[in-house]
Amino acid sequence: MDASLRAGRVRRAVLPLTVAVATAVALGGCSGAGSGAAPKASAASASNAAPQRNGSGGTDTLQGDYMRVIKNVLPSVVQIDATNSLGSGVVYDGQGHIVTNAHVVGKERTFKVSTSGSGSAITARLVSSYPEQDLAVIKLDSVPSGLKAARFGDSAKVEMGQIVLAMGSPLGLSSSVTQGIVSATGRTVSEGSAGGGTGATIANMVQTSAAINPGNSGGALVNLDDEVIGIPTLAATDPDMGGSAAPGIGFAIPASMVKTVADQIIKSGKVTDSGRAALGITGRTVVDAGYRPAGVAVVQAPANGAAARAGLRPGDIITRLGDTDIASITALTEALAADKPGQKVQVTYVRDGAGRTAEVTLGEI
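Residues numbered from 1 in each chain as written. Predicted model: local features only at pLDDT ≥ 70, side-chain atom pairs only at ≥ 80, totals over all residues. Heavy atoms only, no water.

Let us now look at the environment of G355. Along the chain, G355 turns up in strand β23 (residues 354–361). Sequence separation of G355 and I317 is 38 residues, and the distance between their C-alpha atoms is 9.3 Å. With sequence-adjacent residues up to four places away left out, G355 is seen in contact with Y349 and V350. (Helix = DSSP H or I, 4+ residues; strand = E, 2+ residues; numbered from the N terminus. Contact = heavy atoms within 4.5 Å.)

See the structure below:
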């Protein structure tokens, strides 16, 4: 399920990345790529429809809700300029910490950040990047007066059909807003590592119909209670149409994971507890006689790793993890993304042509 993730600078050309997703669509990253002056435009947009919404106010129109959310949350969304990337970020606290995507910051350590309360761009520096979850935290050198931290919501309360707004700097158009709904929850998405992608496999992502374009990466997906429920990260492309955009299919990292990673980075300067399961191997995809992916060959299995402790060794071919058939390294990574460290799973594998099973207590990345 290879496809193309577009994560580059919108101010020049968009660079292709390779991604795979469990739903068999291609995905495009939503940071921009290129050089030259970034367009400094502001384009906040929302639906003109104004049906009644039965909420706490009772008489508020949906249009009124949109306008209120934009007024309250958009000042917490910033534009991030790096040498070779353009993306968005969300103000995390009053000390000037900004959370964004790891693929927005790339390998750079200093950035120019445009906030709603500053007349000019402010220099920011990398605190730490966590590519395994495609998240990063940067910090402003100086905190402008009135800097407003966003309020993050409870991911457990996100449901299909909820109205959401995506805020960021698509195509360099700062302070832009699009609207849609939560299309699904619990998606597992794998992005490629070529051309600037992190290669992360991210579980429990929020799928949305709100338009997400290059430059939206690291911005905010917001509900009508003024809460950030996710960080827009990937936009889908259609592999059958030469990698062109597949409108209405975007993905955001859930707020719960954003808070978990950001809190650890701010406190310790790095992620100390990933909460992500690991099998403890280096593997590669093997193919059958018809050149179809047929499993994952164990290349290395360190003695202190979960797999080695359960008896697996180099040369074994993993074909199943729990109830999930494993045909490729991507499939294995996606299956592990749904598990937790310390969880016991049954691994089915082939050794010397004979099928075997082992119960593995998963480790942590």
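Here we take up the confidence of the model for the protein. Looking at the protein, pLDDT values average 83 and 79% of them are 70 or higher. Every residue in residues 33–56 is under pLDDT 50, and counting partners more than four places away or in other chains gives 65 contacts. (pLDDT = per-residue confidence, 0-100.)

Alternating positions in strand β7 (residues 97–100) separate into two faces, H97 and V99 on one and I98 and T100 on the other, with burial throughout. Looking at chain direction, strand β6 (residues 86–91) and β7 are connected through two bridges and run antiparallel. Its bridge partner lying in β7, V91 is registered against I98. Inspection of the sheet shows β7 paired to strand β10 (residues 135–140) by four bridges, in the antiparallel sense. Residue pairing across strands places H97 opposite K139, the latter belonging to β10. (Buried < 20%, exposed > 50% of the residue type's maximum accessible area, 1.4 Å probe, protein only. Pairing = 2+ DSSP bridges.)

Bringing unusual backbone geometry into the picture now. Even without being a glycine, D134 presents a positive backbone phi close to 50°. Relative to the assigned elements, D134 resides in the loop between β9 (122–130) and β10. A residue is classified by how much of its surface remains accessible, and D134, at 0% relative accessible area, is buried. Despite not being glycine, L171 shows a phi value in the positive range, around 55°.

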